[in-house]
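Coordinates in review
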Amino acid sequence: MKKQYKPLGLYIHIPFCKSKCIYCDFYSLPGAEDQMDRYVSALCLQLAETAQRTAAHRVDTVYLGGGTPSCLGARRLRQILKTVRRHYRLAGDAEVTMEANPDSAGDWRTLRALRRAGVNRLSLGVQSADDGQLRALGRPHTFAQAEQAVAAARRAKIKNLSLDLIYGLPSQSMDSWRDTVERAAALAPEHLSCYGLKVEEGTPLWEMRDSADLPGDDEQADMYLWAVERLGALGYAQYEISNFARPGFASRHNLKYWHLEEYAGFGPGAHSDLGDVRYSYCRDLAAYCRGVEAGENIIDYSEHLTDRDRDIEYIMLGLRTVHGVARREFEYRCRLPFAPVEEVLARFAASGHARREGDRWRLTPEGFLLSNQIIGQCLEALAQVKLQREEAAASHDYRVRQP
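About the cut-offs
Residues numbered from 1 in each chain as written. Predicted model: local features only at pLDDT ≥ 70, side-chain atom pairs only at ≥ 80, totals over all residues. Heavy atoms only, no water. Helix = DSSP H or I, 4+ residues; strand = E, 2+ residues; numbered from the N terminus. Rg over C-alpha atoms; globule rule 2.2 N^0.38 Å. Buried < 20%, exposed > 50% of the residue type's maximum accessible area, 1.4 Å probe, protein only. Contact = heavy atoms within 4.5 Å. Areas by Shrake-Rupley, 256 points an atom, 1.4 Å probe, with all protein chains shown as cover. Lys, Arg positive; Asp, Glu negative; His and termini not counted. Charge placed at Lys NZ, Arg CZ, Asp CG, Glu CD. Pairing = 2+ DSSP bridges. Axes fitted to C-alpha atoms, helices over the stretch in contact; angles between N-to-C directions. Phe/Tyr/Trp six-rings, centres within 6.5 Å; stacked < 30°, edge-to-face > 60°. Lys NZ or Arg CZ within 6 Å of the ring centre and 35° of its normal. Right-handed = clockwise from strand over helix to strand, strands pointing away. Salt bridge = Lys/Arg side-chain N within 4 Å of Asp/Glu carboxyl O. Parallel < 35°, antiparallel > 145°, perpendicular 65-115°, else oblique. Left-handed = near helix turned anticlockwise from the far one by under 90°. Nonpolar A, V, L, I, M, F, W, Y, C, P; charged D, E, K, R; others polar. pLDDT = per-residue confidence, 0-100. Expected span 1.5 Å × (residues − 1). Arc of directions from axis to C-beta.

In this section: the overall build of the protein. The helix and strand inventory of the protein stands at 15 helices and 17 strands. Compactness check: the protein gives a C-alpha radius of gyration of 23 Å against a globular reference of 22 Å for 403 residues, within 12% of the reference. Each principal axis of the C-alpha atoms in the protein carries an extent, and together these give about 80 × 55 × 50 Å. Within the span of the protein, comprising 403 residues, buried residues form 51% of the whole. In the protein, 71% of the contacts between residues at least 6 apart in sequence involve partners at least 24 apart. Accessible area for the protein stands at about 19200 Å²; split by element, carbon and sulfur atoms hold 49% of it. Looking at charge distribution, the protein has the averaged site of its 53 positive side-chain charges lying 9 Å from that of its 54 negative ones.

It is worth spelling out the sheet that holds strand β15 (residues 325-326) at this point. Pairing in this open sheet of three strands is antiparallel, and the strands run β15-β17-β16 from one edge to the other. Looking at which strands have only one partner, the edges of the open sheet turn out to be β15 and β16 (354-357). Looking at chain direction, β15 and strand β17 (residues 360-363) are connected through two bridges and run antiparallel. Each residue of the ladder has a partner; that of Val325, found in β17, is Trp361. The strands touched by helix α13 (residues 339-350) are β15, β16 and β17; relative to β17, the strand with the most contacts, the crossing angle is about 50 degrees.

Two numbers describe a pair of aromatic rings. These are the distance of the centres and the angle of the planes. If you walk through the whole model with that rule in mind, you get ten aromatic pairs. With 5.5 Å between their ring centres and 55 degrees between their planes, Tyr167 and Trp177 make a pair best called tilted. Note that Tyr167 is positioned in strand β7 (residues 161-167) and Trp177 in helix α6 (residues 174-185), a separation of ten residues in sequence. On the basis of an interplanar angle of 40 degrees and a centroid distance of 5.9 Å, the ring pair of Tyr314 and Phe330 is categorised as tilted. Of this pair, Tyr314 sits in helix α11 (residues 307-318) while Phe330 sits in helix α12 (residues 327-334), placing them 16 residues apart in sequence. For the pair Tyr314 and Phe330, a shared accessibility class is recorded, and that class is buried. Connected via pairs of aromatic rings, a cluster forms that spans Phe16, Tyr39, Tyr279, Tyr281 and Tyr288. Lying across the ring of Tyr236, Arg246 places its NZ or CZ 4.2 Å from the centre.

Taking burial as the measure, the seven residues of β7 include seven buried ones, the bulk of the element. Residue alternation in β7 divides its side chains into two sets, Leu161, Leu163, Leu165 and Tyr167 and Ser162, Asp164 and Ile166, and both sets are buried. In terms of strand pairing, β7 meets strand β8 (residues 191-196) through six bridges, oriented parallel. Of the residues in β8, the one forming a bridge with Tyr167 is Gly196. The handedness of the β7 to β8 crossover, carried by α6, is right-handed.

Considering all chains together, one arrives at 21 salt bridges under this definition. Residue Lys256 is joined to Asp60 by a salt bridge in which the shortest nitrogen-to-oxygen separation is 2.9 Å. Separated by 196 residues along the polypeptide, Lys256 in helix α9 (residues 252-258) and Asp60 in strand β4 (residues 57-66) bring together distant segments of the chain. Pair check on accessibility: Lys256 and Asp60 agree, each one buried. Linked through salt bridges whose partners overlap, the residues forming this network are Asp273, Asp276, Arg278, Arg310 and Glu313.

Here we take up the packing of α6 against helix α8 (residues 217-233). One way to put it is that α6 packs onto α8 with a least axis distance of 11 Å and a crossing angle of 30 degrees. It follows that α6 is roughly parallel to α8 by the angle criterion. The hand of the α6/α8 crossing is right-handed. Seen from α6, the contacting residues are Met174, Trp177, Arg178, Val181 and Glu182; seen from α8, they are Asp222, Met223, Trp226, Ala227, Arg230 and Leu231. Taken together, the residues of the contact of α6 with α8 sort by class into seven nonpolar, no polar and four charged.

Looking at the secondary structure, you find Val59 in strand β4. When its relative accessible area of 1% is taken as the criterion, Val59 is described as buried. Between the C-alpha atoms of Val59 and Arg308, which are 249 residues apart in sequence, the distance is 27 Å.

Moving on, we come to the confidence of the model for the protein. On average, residues of the protein score 93 in pLDDT, and 96% of them are at 70 or above. Confidence drops under a pLDDT of 50 for residues 398-403, and excluding neighbours within four residues, the segment shows zero contacts in the predicted structure.

As a further point, take helix α5 (residues 143-155). With 13 residues, α5 extends 18 Å between its outermost C-alpha atoms, agreeing within 8% with the 18 Å of an ideal straight helix rising 1.5 Å per residue. Here α5 has its buried residues at Phe143, Ala146, Ala149, Val150, Ala152 and Ala153. Buried residues in α5, looked at end-on, bunch into an arc of 165 degrees, giving them a common side. On its buried face, α5 is in contact with α3 (108-117), β6 (121-127), α4 (131-137), β7 and α6. Directly after α5, the chain includes Lys157, whose backbone phi takes a positive value near 70 degrees.

Shown next as structure tokens:
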């Protein structure tokens, strides 16, 4: 009988970039080229050592994220991918994604070399078609460079291309957002991600938030709903709050997070969910390299996930996708009644924010805008059920123990 392996995704963090955008909260270091070789050596060492824990797995997705992985250079990226192939059971049809900024992805020969090394999906951080907005964000490229990067990717025969866009930018109008979406879609990518701008504490944008002329919540909602409708009309089906794809091109790696599948992260600040343990590594490049080289602990955070944690995540993550949640699936996984959750969703269905299809419930685009509120109420309903069960069990135990 053929052995069945569990699927596993690898996330590999590349913490280098040309410049830091004013909204970026990810761990990345501009101007640290002199540390790249040491980092790649430490990263490959950790990849090799961790592989011993994955004998029961087959890697079906690899994601090189950042930072800006493309600024690492083809030689170093090939070394990382070679290490993955050497030490992991890599599926023949594995999805291998590399993030890139347009200014560092314009050489088709470099992209061809990376495709031959295994990269079969490219994610370009385009963000806007307005060069003024790009400059204001601290982006190191123009939209013309984004067009050139798309042409280079196609010439390199990369057939799975994703473009990232952001709405809610400083001084962004509905007209400029529409122009960005239309010009990005005209490049015919297989996948588009449309993210609402988040003003994260600790970033330069946070410090200037009161004077940045940021669109209000209603304006952002209008931008989002327009994009959902327009991209649907262009053949891009929404499969998660912020992600749209042509048939067969949904990001398999990103879906792992939403479907509660296992993944292992590598690099400073990277997160993992492996063997019912969720953990992350320190957000410090030098400490990460020293720790790996010396065999010391580099874990910054770790927790063992209980069944209750998984119950919560099934609802929390499922309702952020168009797949939604289903009664039978929930009750089988969680051993809890679905009725309290269904009561909450039924209330939101009456206002057009949720929809029932058979025994499956999902949020509408309007519902996605209220997803935190809806999910919060669903979790509160589940918490009440669990509390009642615990109280009933305690009461029964007390009565049984009475003389």
